[in-house]
Amino acid sequence: MSTPTHLSIGDRLSFDLGAPGRRALQIPQPDVPEAPPLPVGIARARPARLPELSQVELVRYFHALSQLNYGVDSGFYPLGSCTMKYNPKINDEVAALPGFAHQHPLQPDGSAQGTLAVLHALQRALCELTGMTAAALSPFAGAQGEFAGMLVIKAYHAARGEGERRRKVLVPDSAHGTNPATAAMCGYEVTSVPSDADGNIDLDALSALADETVAALMLTMPTTLGLFDPRIDRITATLHQHGIQIYGDGANLNAIVGRARLGDMGFDVVHTNLHKTFSTPHGGGGPGAGPILVKDHMAPFLPAPVVVEDGGRYSMHTPVQSIGRLGAFQGNVGVLIRAYTYIRALGLEGLRSVSENAVINANYIRVRLSGMYRLPYDRPCMHEVVFSGSWQKARHGVRTIDIAKRLIDYGFHPPTTYFPLIVDEALMIEPTESESREGLDAFCEAMLRIAAEAEAEPETVRGAPHTAPLRRLDEALAARRPVLRWTPEPETNR
Ligand SMILES: Cc1ncc(COP(=O)(O)O)c(C=O)c1O
């Protein structure tokens, strides 16, 4: 094999490129008197060892760095439960209009009528799409929406004198981790509800747990197994008989938007992740928005502010028994405007085709890959499909993490792995509606080739990725203790 003569992307990312004396800029000689020297003890003993690069080396360094970013604008990003769909650029253009972008959060309502009108219209649109009656837009993320929603439920029970008695929250074992975490943060005992063999909530177990000590069920619909529970009406009706409130994690609204509404299914409080279903950019922790939507009986407890309209004037309002504010100001208004733009650009018909295509795309992948990967719940899915890498693990010692890493070599972002927790070696694939048939086929081809490689040359898959500048990282450590800047060697610091 011939040795490549150009620098790889990894080499180009070394901060030790360059040579002494190289500069990216020529700074003119100063024509003002030199400042007096720094006092002893403050001045460095030796000059700092900074990289010395020419301009082109510097540009290539930053360019190489930018190429390490993989996003929805780079390629297929099938991260299950995350809905990494394309975010139309018109959303950004509208949010950047000076009338929105140049507003100050402390401006009086009277001079922010345009923005407030948009927020009010978004509240109404989200209520309409979810079948709820009142909204608060301020939560900054899905998890914060959950927190707000559960505090609303807690305040509702307390106002009825049932706060003490209702100390438990039921959470299915397939739930996203933020659900039990939220319930615990709100001071509730978390009780796990098992799933049955079909992936639905186990109705007998649920009925046995339902009594007057339970404050709420937190349920994602479709579930985080990508499945729609056909008995949802029975679930909500059974629990309502005991005064239990139904919290809907609407992060997966992508699958049903424009076609079915959580409010009509009996949910009392719902949050929706605008940074998923409503196409506002996300990843890397933000910015997002997790508005909550409630039925009438919960409206007095909504977090502040909510936008109200009276005779054509809009203002920010604190509901009478509000749980309070979740943060400074009005939430991520730029994200809210992007979501509203998306809703208006598509209209109801467009939104209906979003959920239609999200579901068709996931089922296309389900059918193409079943047979090569184990399908723990072999039934039509909604917007995402959960496979298991357990066949590959048992037969060839190839684990789901290996399959995910091998996908990087084929140019794809890996799917979600090892979640939901109840699926052994889970591989959760969410293609989203914005992928073309060709994009889905290319991904399926890669997955099928990896399945064949796992048989014929398992060490290739176990050693992946082979093409990435960095190989296997300690992901937990990287998230907990990220090294985000270059630090000069200590002895040359001073
Ligand atoms: C089902 C579900 N619920 C809640 C959340 C939390 O949303 P966020 O990441 O915006 O806090 C997510 C995010 O991935 C999710 O998939």
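Keep in mind the model is a prediction, meaning the values are calculated, not measured.

Chemist: Explain the overall build of the protein here, please?
Modeler: Scanning the protein from terminus to terminus reveals 16 helices and 12 strands. By its C-alpha atoms, the protein is 80 × 65 × 45 Å across when sized along the principal axes. Evaluated residue by residue, the protein yields a buried proportion of 41% over its 494 residues.

Chemist: Sorry, what's going on with the sheet that holds strand E11 (residues 416-417) here?
Modeler: Sheet strands line up and pair through hydrogen bonds in the backbone, either parallel or antiparallel. Pairing is antiparallel across the open sheet formed by three strands, whose spatial order is E10-E12-E11. The outermost strands of the open sheet, each flanked by one partner alone, are strand E10 (385-388) and E11. Here two bridges tie E11 to strand E12 (residues 426-429), and the two strands are oriented antiparallel to one another. Within E12, the residue paired with threonine 416 across the bridge is methionine 428.

Chemist: I keep staring at the nonpolar core and nothing clicks. Help me out?
Modeler: In globular proteins that are soluble, nonpolar side chains generally tend to be buried together. Counting 115 residues, the largest nonpolar core has Val152, Ala216, Leu336 and Ala339 as its most contacted members. Here this core gets 15 residues from one element, more than from any other, and that element is helix H11 (residues 333-369). Those residues in contact with alanine 339, other than ones at most four positions away along the chain, are Leu122, Leu274, Phe278, Thr280 and Ala289.

Chemist: Any chance you could explain the packing of H11 against helix H14 (residues 437-456) here in plain terms?
Modeler: Direction vectors running N to C along H11 and H14 enclose 30°, while the axes themselves pass 10 Å from each other. Relative to H14, the element H11 lies roughly parallel. Helix-helix and strand crossings are classified by hand; for H11 and H14 the assignment is right-handed. On H14, the residues touching Asn361, Tyr364, Ile365, Arg368 and Leu369 of H11 are Leu440, Cys444 and Met447. In the contact of H11 with H14, the residues fall into six nonpolar, one polar and one charged.

Chemist: Teacher, can you tell me more about the pairing of strand E5 (residues 245-249) here?
Modeler: Two faces make up the sheet, and in a regular strand the side chains alternate between them. Of all five residues in E5, five are buried, a share of seventy percent or more. Here E5 shows no split at all, with Gln245, Tyr247 and Asp249 on one side and Ile246 and Gly248 on the other all buried. The sheet contact formed by strand E4 (residues 214-220) and E5 spans five bridges and is parallel. Across the sheet, residue leucine 219 finds its bridge partner in E5, namely glycine 248. In this fold, E4 hands off to helix H9 (residues 232-240), which returns the chain to E5; that crossover is right-handed. In this sheet, strand E6 (residues 269-271) lies alongside E5 in parallel orientation, the contact comprising three bridges. The partner of aspartate 249 across the bridge, within E6, is histidine 271.

Chemist: What should I look at first to understand the sheet that holds E5 in this one?
Modeler: Within the open sheet, the seven strands sit side by side as E1-E7-E6-E5-E4-E2-E3. Their pairing is mixed. Lying at the two open borders of the sheet, with one neighbouring strand each, are strand E1 (134-136) and strand E3 (189-193). Pairs of neighbouring strands in the sheet enclose a mean axial angle of 20°, with direction left out of account. Summarising the sheet, strand E2 (residues 168-172) and E3 pair through five bridges and their orientation is parallel. The residue bridging proline 172 from the neighbouring strand is valine 193, located in E3. The strands touched by helix H7 (residues 178-185) are E2, E3, E4 and E5; relative to E2, the strand with the most contacts, the crossing angle is about 175°.

Chemist: Mind showing me how you'd approach the packing of helix H5 (residues 113-130) against H11 here?
Modeler: Two measures define how a pair of helices packs: the angle their axes make with one another and the distance between the axes. With their axes 10 Å apart at the nearest point, H5 and H11 run at an angle of 60° to one another. The angle between H5 and H11 places the two elements in the oblique class. Our pair here, H5 against H11, has a crossing hand that is left-handed. In contact with Thr115, Val118, Leu119, Ala121, Leu122 and Ala125 of H5, H11 contributes Val333, Leu336, Ile337, Ala339, Tyr340 and Ile343.

Chemist: Even after reading the chapter, I still don't get H11, so can you show me in this structure?
Modeler: Residues three or four positions apart in an α-helix share a direction because the helix packs 3.6 residues into each turn. Taking 1.5 Å per residue, 37 residues should reach 54 Å; H11 reaches only 41 Å between its end C-alpha atoms and comes up short. At glycine 347, H11 shows its largest bend, some 100°. One or two positions beyond H11, positive phi appears at glycine 371, with a value near 105°.

Chemist: It is not clear to me how the pairing of E12 should be interpreted in this structure. Could you clarify?
Modeler: Side-chain alternation along E12 places Ala426 and Met428 on one buried face and Leu427 and Ile429 on a second face that is also buried. Both E10 and E12 contribute to a ladder of four bridges, which runs antiparallel. Paired with serine 388 across the two strands is alanine 426, which belongs to E12.

Chemist: What is the right way to look at unusual backbone geometry in this model?
Modeler: Leaving glycine out, the prevailing phi sign among residues is negative, and the prevailing peptide bond configuration is trans. Of note, the amide linkage connecting alanine 304 to proline 305 takes the cis form, showing an omega dihedral of 0°. In this fold, proline 305 is placed in the loop between strand E7 (292-294) and strand E8 (306-310). In this structure, the amide linkage connecting phenylalanine 419 to the following residue, proline 420, adopts the cis form with an omega of 0°. Relative to the elements of secondary structure, proline 420 occurs in the loop between E11 and E12.

Conventions used here
Residues numbered from 1 in each chain as written. Predicted model: local features only at pLDDT ≥ 70, side-chain atom pairs only at ≥ 80, totals over all residues. Helix = DSSP H or I, 4+ residues; strand = E, 2+ residues; numbered from the N terminus. Buried ≥ 20, exposed ≤ 12 C-beta atoms within 10 Å, placed from the backbone. Pairing = 2+ DSSP bridges. Core = buried A, V, L, I, M, F, W, Y, C linked by C-beta atoms within 7 Å. Contact = placed C-beta atoms within 7 Å. Axes fitted to C-alpha atoms, helices over the stretch in contact; angles between N-to-C directions. Parallel < 35°, antiparallel > 145°, perpendicular 65-115°, else oblique. Left-handed = near helix turned anticlockwise from the far one by under 90°. Nonpolar A, V, L, I, M, F, W, Y, C, P; charged D, E, K, R; others polar. Right-handed = clockwise from strand over helix to strand, strands pointing away. Expected span 1.5 Å × (residues − 1). Bend = angle between axes of the 7 residues up to and from the residue.

The values reported here are purely geometric and, on their own, carry no functional implication.
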